[in-house]
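# Chains, contacts and geometry: an overview
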Amino acid sequence: MKIVGQLYCIDGNVHSPRDQTLYVVGTNEVDKEQVREACIAYIDDYFGKEYFEKERGTSLKDLVESADLSISYERHIPINEASFDYDIWGSGMYTVGNASGRGARKVWVLSFNDDPFGTEGEG
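Residues numbered from 1 in each chain as written. Predicted model: local features only at pLDDT ≥ 70, side-chain atom pairs only at ≥ 80, totals over all residues. Heavy atoms only, no water.

Of all seven residues that make up strand β2 (residues 20-26), six are buried, and the element is covered over most of its length. In terms of strand pairing, strand β1 (residues 6-9) meets β2 through four bridges, oriented antiparallel. Bridge pairing in β2 links Q6 to V24. The pairing of β2 with strand β5 (residues 105-111) spans five bridges and is antiparallel. Considered in β5, the bridge of V24 is made with V109. (Buried < 20%, exposed > 50% of the residue type's maximum accessible area, 1.4 Å probe, protein only. Helix = DSSP H or I, 4+ residues; strand = E, 2+ residues; numbered from the N terminus. Pairing = 2+ DSSP bridges.)

Okay, structure coming up:
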């Protein structure tokens, strides 16, 4: 399968399997029935299946099968070089929201439901 889509994570920590919260892929890139398969292919290519499962504490298959699938809109937000955020995010960042409109693309969103930090029940 062609590697498409991208992961969204907590606080820009792109290199940590535990921090990944969403998988996002364009509705024009894969059909609804292929979203979960595309997510597994992306994660395996980016992290490696064994490493991801070890760090996340769950099987990749279980994670993806239990994830909630929805449709949303993604926008790229450019960041000015003079901005403090430029040092963190670079020339821009992506955001997912419910509003369509200029510059937005329709995407499939898989929201992961596991608790990789073991914080469930705290509070």
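Let us look at the sheet that holds strand β4 (residues 92-97). Strands sit in the order β1-β2-β5-β3-β4 across an open sheet of five strands; the sheet is antiparallel. The open sheet is flanked by β1 and β4, the only strands paired with a single partner. Between one strand and the next, the sheet's axes are offset by a mean angle of 40°, whatever the strand orientation. Of the strands in this sheet, β1, β2, β3 (68-78) and β5 touch helix α1 (residues 35-46), which is tilted by about 120° from β2. (Axes fitted to C-alpha atoms, helices over the stretch in contact; angles between N-to-C directions. Contact = heavy atoms within 4.5 Å.)

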